Amino acid sequence: QVHLVEAGGGLVQAGGSLRLSCAASGRTFSNYAMGWFRQAPGKEREFVAAITWSGGSTYYEDSVKGRFTISRDNAKNTVYLQMNSLEPEDTAVYYCAAVDLPAGWANLYSSRVYGYWGQGTQVTVAS
């Protein structure tokens with residue numbers, strides 16, 4: 001079992017920055033690929049970014065490429081999402097997710113791959 005807790009959300013002006021963190025507890029964090037998803041009111045949950053267990057590969061949704069950066073610190077059991085140049089369209093509840101993937105391949109863009117989810121943190125970008 002893996003327990004995930006997000007932090008770092010809040011209200012920011014357009015063009016501003018926030019850094020989200022997701023602290024994991026439970027099993028060996030370094031075995032898990034991690035993802036960030038978001039859900040805006042009235043919309044389905046969508047993929048934002050993902051990172052493999054080693055941090056060697058990262059993946060981004062097109063609209064956040066060049067603005068968001070996912071990273072992880074396995075010594076701290078934490079994954080981060082640095083969000084720069086925020087836009088009102090980025091307003092959503094952001095969730096981190098984990099999948100046990102020490103080797104092999106999985107479609108990290110799909111929410112169905114992930115077995116563990118945090119409770120979410122609200123990000124609001126004011127225009």
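Here, the structure is the one placed above.
As a starting point, this report considers the structure included with it. Note that this is a predicted model, so its numbers are computed, not measured.

What to know about the environment of V125
No. 1: You can see V125 is positioned in strand 11 (residues 121–126).
No. 2: What makes V125 buried here is its relative accessible area of 6%.
No. 3: On a C-alpha basis, the gap between V125 and G104 in space is 37 Å, while along the polypeptide they are 21 residues apart.
No. 4: Aside from chain neighbours lying at most four places away, what touches V125 is V12, Q13, A14, L86, E87, P88, D90 and T91.

Some words on the sheet that holds strand 8 (residues 78–83)
No. 1: Strand order across the open sheet formed by four strands is 1-3-8-7, with antiparallel pairing between neighbours. Every other strand in the sheet has two partners, leaving strand 1 (2–7) and strand 7 (68–73) as the edge strands with one partner each. Within the sheet, the average angular offset between the axes of one strand and its neighbour, ignoring direction, is 15 degrees.
No. 2: Note: strand 7 against strand 8, six bridges, orientation antiparallel. Across the sheet, residue T69 finds its bridge partner in strand 8, namely Q82.

Some details on the state of the cysteines
No. 1: Enumeration over the complete set of coordinates arrives at one disulfide.
No. 2: Paired by a disulfide, C22 and C96 hold their sulfur atoms 1.9 Å apart. The sign of the S-S torsion, about 45 degrees, decides the handedness of the disulfide formed by C22 and C96: right-handed. Within this pair, whereas C22 is found in strand 3 (residues 18–26), its partner C96 is found in strand 9 (residues 92–100), the two being separated by 74 residues in sequence. Summarising the burial analysis for this pair, C22 and C96 share the class buried.

Some thoughts on the pairing of strand 11
No. 1: Residues T121, V123 and V125 line the buried face of strand 11, whereas the alternating positions Q122, T124 and A126 sit on a face that is not buried.
No. 2: For strand 2 (residues 10–13) and strand 11, the ladder comprises four bridges, and the chain directions are parallel. Opposite Q13, over in strand 11, you have A126 as the bridge partner.
No. 3: As paired strands, strand 9 and strand 11 are joined by three bridges and run antiparallel to one another. By the bridge assignment, Y94 is partnered in strand 11 with T121.

Cut-offs applied
- Residues numbered from 1 in each chain as written.
- Predicted model: local features only at pLDDT ≥ 70, side-chain atom pairs only at ≥ 80, totals over all residues.
- Heavy atoms only, no water.
- Helix = DSSP H or I, 4+ residues; strand = E, 2+ residues; numbered from the N terminus.
- Buried < 20%, exposed > 50% of the residue type's maximum accessible area, 1.4 Å probe, protein only.
- Contact = heavy atoms within 4.5 Å.
- Pairing = 2+ DSSP bridges.
- Axes fitted to C-alpha atoms, helices over the stretch in contact; angles between N-to-C directions.
- Disulfide = S-S within 2.5 Å.

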